[in-house]
Amino acid sequence: MEDVKNLEEVEVERFSAFDRFVHWLTAIPFVYLFLSGLGMYSPKFAWLLPFLGGREFSAWLHKWAGVVFTIGVLLMFLRWAKDFVLDSDDRIWLANVKYYLKGEEEKLPEAGKYNAGQKLFGWMVFIGGAVFLITGVVMWFPETFSTTFVRLAILLHEITFVVVGAGFIVHLYMGTVGVPGSLSSMITGKVSALWAASHHPKWFREVMRK
Ligand code: HEM
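Sequence order as written defines the numbering, with residues in each chain counted from 1. Thresholds applied to this predicted model are a pLDDT of at least 70 for local features of residues and 80 or more for the giving and counting of side-chain atom pairs; totals over whole chains, interfaces and linings are not thresholded and use all residues.

> If you had to explain the site of the ligand to someone new, which residues and values would you point to?
Around the ligand there are 21 residues in total, and Ala27, Phe30, Gln118, Gly175 and Ser185 lie nearest to it. Mapped by element, the contributors of at least two residues to the shell around the ligand are α2 (17–41), α6 (116–140), α7 (147–178) and α8 (183–187). Side-chain classes are defined by residue name, with Ala, Val, Leu, Ile, Met, Phe, Trp, Tyr, Cys and Pro counting as nonpolar, Asp, Glu, Lys and Arg as charged, and the others, Gly among them, as polar. Its residues assigned to classes, the shell around the ligand shows eleven nonpolar, nine polar and one charged. Proximity of a residue to a molecule or strand is defined by its backbone-placed C-beta atom lying within 6 Å of that partner. Only DSSP runs of H or I with at least four residues qualify as helices, and only runs of E with at least two residues qualify as strands; both kinds are numbered from the N terminus onward.

> Describe α6, and please don't skip the residues or the numbers.
Under the convention used throughout, the expected extent of a helix is 1.5 Å for every residue step, that is, one less than its residue count. Over its 25 residues, α6 runs 35 Å from end to end, which matches the ideal 36 Å to within 8%, given 1.5 Å per residue. Buried residues along α6 sit against α3 (55–80), α4 (88–95) and α7. Contact definition: two residues whose C-beta atoms, as placed from backbone geometry, lie within 7 Å.

> I'd like to hear about the nonpolar core, residue by residue, with values.
Here, a nonpolar core denotes buried Ala, Val, Leu, Ile, Met, Phe, Trp, Tyr and Cys residues that are linked to one another through C-beta atoms within 7 Å. The exposure scheme places C-beta atoms from the backbone and then counts, for each residue, the other C-beta atoms within 10 Å of its own, assigning buried at 20 or more, exposed at 12 or fewer, and partly exposed in between. Counting eleven residues, the largest nonpolar core consists of Val22, Phe30, Leu33, Ala65, Phe69, Val73, Met76, Phe121, Val125, Phe161 and Val164. Mapped onto this core, the elements with two or more residues apiece are α2, α3, α6 and α7. Of all the elements, α3 adds the most residues to this core, at four residues. Every residue in contact with Phe30, bar those within four places of it in the chain, is listed here: Phe69 and Phe168. In this structure, Val12, Ala196, Trp203 and Phe204 belong to the second largest nonpolar core, which totals six residues.

> Go over the packing of α3 against α6 with me, naming the residues and quoting the values.
Helix axes are fitted to C-alpha atoms over the stretch in contact, other axes to C-alpha atoms as well, and angles between N-to-C directions run from 0 to 180 degrees. Two numbers describe how α3 lies on α6: the axes approach to 10 Å, and their chain directions differ by 145°. Judged by the sense of rotation from one axis to the other, the crossing of α3 with α6 is left-handed. Between α3 and α6, the residues in contact are Lys63, Gly66, Thr70, Val73, Met76, Phe77 and Trp80 and Gly122, Val125, Phe126, Gly129, Phe132, Leu133, Gly136 and Trp140, respectively. Definitions for this section: a left-handed crossing has its near helix turned counterclockwise from the far helix by less than a right angle. A right-handed crossing has that turn clockwise.

> Explain the packing of α2 against α3 to me, using residue names and the numbers behind them.
Running from N to C, α2 and α3 cross one another at 145°; their axes reach a closest spacing of 8 Å. Here α2 and α3 pass one another in a crossing that is left-handed. In the contact of α2 with α3, the residues fall into 15 nonpolar, eight polar and two charged.

Structure, rendered in structure tokens:
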């Protein structure tokens, strides 16, 4: 009991100031892109646009927020891609993801710094970011490309929006209420040792060894 109490009080560094800067540089423009994209894409969500500066302004800012988002994704890729490589334990983890959803993490292979779900989200962001960039440029300068190409770009942009948007909603849930204690890692950079030992035991042992 005493040990558990101590673990709760000890803090472990999870993300450096640069990691957090890169995360929020990507996340903040994404939220604007997501909401303005939703407002432009579906008349059901057009009520969002006045809150984002109006239809014309949000169409303009959507493009520039896309530029900042792209820089964030690129930095994220350079910083984190090596940590998101999936290994054999991750494949077992994914095949048994039902235990994660039931809150029975102890039945899964121990996670390192990121679990397989987090790694997959990372790849979704990298691949999605590249598709958003390419298709976004085509839509920004439509006169440069054929009509068929522009139509294809719009379709791909929308499909990517739905896929990455769904991933984002899950990520938002997991990073706040889904896994209590996570959010502090992206704000202060630190988590409790108890949190680290429960959710990322392999990583926790590595940190303790250093
Ligand atoms: C705006 C709301 C967001 C919140 C509250 C949030 C929260 C978090 C938190 C708490 C972590 C650390 C998880 C951990 O310590 O294990 C994290 C990691 C991460 N975030 Fe976010 N995030 C948000 C938006 C985004 C967006 C929009 C992207 C990219 C488009 C993104 C990409 C990532 C990636 C790649 C990681 C590392 C892997 C992972 O934990 O999934 N985040 N986020």
